[in-house]
Amino acid sequence: MSRSVIQDFIAPDHDHVTCIDDALLRAETLCRERGERLTPLRRQILQLVWTSHLPIKAYDLLDMLSDGRKRAAPPTVYRTLDFLREAGLIHRLESLNAYIGCARPEKRHSAQFLICTHCGAVAEMDDVSLSNKISVTARGLGFTVSEEKIEVAGRCRDCQAVPATG
Ligand SMILES: [Zn+2]
Ligand SMILES: [Zn+2]
Ligand SMILES: [Zn+2]
């Protein structure tokens, strides 16, 4: 996998348990190193975001956290999502208003996503040359980039064989 790829499109039949275990382990290590706490709720929500490699919406997380008797408090959940996002453990996809786990939270990177409009699969890139180009052009306009987010719509490998309609 190219260095500028953080997460490729993933085959549905892969061993996803390993992905979840790996994500939680990385999160624990990263929080420990930064002197942060991966509280049970933070861990639980991170695990839910990692349910699959598909983006997940906040209200779906709220549903999953509610067990019938007790409804999860939305502000608490949103605060937790903010923490996970700021820690780089998850990303927010603005165009979908949804969250996705990051496979490389230790590495500071810009957020460049390829989003399949057919199956919803997402790949994450960290193309430094692209980021540099944006910074240079922005600087030429007297603009300082604080956060770069690129979301590109299209079709993943598997969906290219599927007709566009239907
Ligand atoms: Zn997986
Ligand atoms: Zn990432
Ligand atoms: Zn697709």
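Here the structure is a predicted model, which means the values were calculated and not measured.

Definitions and cut-offs
Residues numbered from 1 in each chain as written. Chains lettered and ligands numbered in written order. Predicted model: local features only at pLDDT ≥ 70, side-chain atom pairs only at ≥ 80, totals over all residues. Core = buried A, V, L, I, M, F, W, Y, C linked by C-beta atoms within 7 Å. Buried ≥ 20, exposed ≤ 12 C-beta atoms within 10 Å, placed from the backbone. Helix = DSSP H or I, 4+ residues; strand = E, 2+ residues; numbered from the N terminus. Contact = placed C-beta atoms within 7 Å. Pairing = 2+ DSSP bridges. Axes fitted to C-alpha atoms, helices over the stretch in contact; angles between N-to-C directions.

Draft legend 1. Expanded view of the nonpolar core. Among the nonpolar cores identified, the biggest contains 26 residues, and Leu46, Val49, Leu84, Ile90, Tyr99 and Val122 are the most heavily contacted of them. Breaking this core down by element, the ones donating at least two residues are α1 (16–34), α2 (40–49), α4 (74–86), β3 (98–101), β4 (111–116) and β5 (122–125). In terms of residues, this core owes the most to one element, β4, which gives four residues. If we ignore the near neighbours within four places in the chain, the residues touching Tyr99 are Val49, Pro55, Ile56, Leu81, Ile90, His91 and Arg92.

Draft legend 2. A look at the sheet that holds β4. Strands sit in the order β1-β5-β4-β6 across an open sheet of four strands; the sheet is mixed. The open sheet has two edge strands, β1 (5–7) and β6 (149–154), and neither has a second partner. Sheet twist, expressed as the average angle between the axes of neighbouring strands with direction ignored, equals 25°. In the sheet, β4 pairs with β6 via six bridges, with the strands oriented parallel. Bridge pairing in β6 links Phe113 to Glu151.

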